[in-house]
Amino acid sequence: MFTVTRKASRIEITLEVKKLGEDYLLTLTGGKEHAGAVAVGLFDEKSGRASSSVITLPGHREEQLALDSARRVSKATGKTSIVVAGIHVDSISLEEIKEIVSTAEEMVGNFIASCKKSDVTARRNK
């Protein structure tokens, strides 16, 4: 399991990752936690490409963050990924949104980097 929490704007954002067999379940939450969008990322070994699809609950705006995160994780790991995103801040400004999204994207990038590091270590130990 991988967990990281970072402060962004007025809230803390938490990324939790759990292995589901060979696949990954990520939750990205902050402020008033909820499930605002759910995305699934898939990796096609034949083409070497990743794709993702998203379902967004009415009135929520996490779709792009969930969609991009799922695609990035699947591309980097070659595995299926499920991302549940739910971040809510009352009376949020555009600048706060940008800071929160940037922080969340960086956190997902840190997880991806940790996966690559683990893969290198596993190959060395074989």
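Residues numbered from 1 in each chain as written. Predicted model: local features only at pLDDT ≥ 70, side-chain atom pairs only at ≥ 80, totals over all residues. Heavy atoms only, no water.

(A) View of the nonpolar core. If you look at the biggest cluster of nonpolar residues, it comprises 25 residues, and the most contacted ones within it are I13, L15, L26 and F111. For this core, the secondary-structure elements that each account for two or more residues are β2 (11-20), β3 (23-31), β4 (37-44), α1 (63-77), β6 (81-88) and α2 (94-124). The element best represented in this core is α2, accounting for seven residues. Residues contacting L26, with those up to four places away along its chain left out, are L15, E16, V17, V73, S81, I82, V83, V84 and F111. (Core = buried A, V, L, I, M, F, W, Y, C linked by side-chain atoms within 4.5 Å. Buried < 20%, exposed > 50% of the residue type's maximum accessible area, 1.4 Å probe, protein only. Helix = DSSP H or I, 4+ residues; strand = E, 2+ residues; numbered from the N terminus. Contact = heavy atoms within 4.5 Å.)

(B) Focus on the sheet that holds strand β5 (residues 49-56). Pairing is mixed in the open sheet, where six strands are placed in the order β1-β2-β3-β6-β4-β5. Two strands bound the open sheet, and with one partner strand each, they are β1 (2-8) and β5. Direction aside, neighbouring strands of the sheet carry axes that sit 15 degrees apart on average. Alignment of β4 against β5, held across eight bridges, turns out to be antiparallel. Along β5, the bridge assignment pairs D44 with R49. In the packing of α1 onto the sheet, the strands contacted are β3, β4, β5 and β6, and the crossing angle to β5 comes to about 150 degrees. (Pairing = 2+ DSSP bridges. Axes fitted to C-alpha atoms, helices over the stretch in contact; angles between N-to-C directions.)

(C) Representation of the packing of aromatic side chains within the structure. Within this structure, the stated rule accounts for two aromatic pairs. Ring centres 5.4 Å apart and planes at 75 degrees place the aromatic pair Y24 and F111 in the edge-to-face group. Placement of Y24 in strand β3 and of F111 in helix α2 is noted, with a sequence separation of 87 residues between them. Overall, Y24 belongs to the buried group, its relative accessible area being 12%. Three or more aromatic residues link up through ring pairs in this structure, and these residues are F2, Y24 and F111. (Phe/Tyr/Trp six-rings, centres within 6.5 Å; stacked < 30°, edge-to-face > 60°.)

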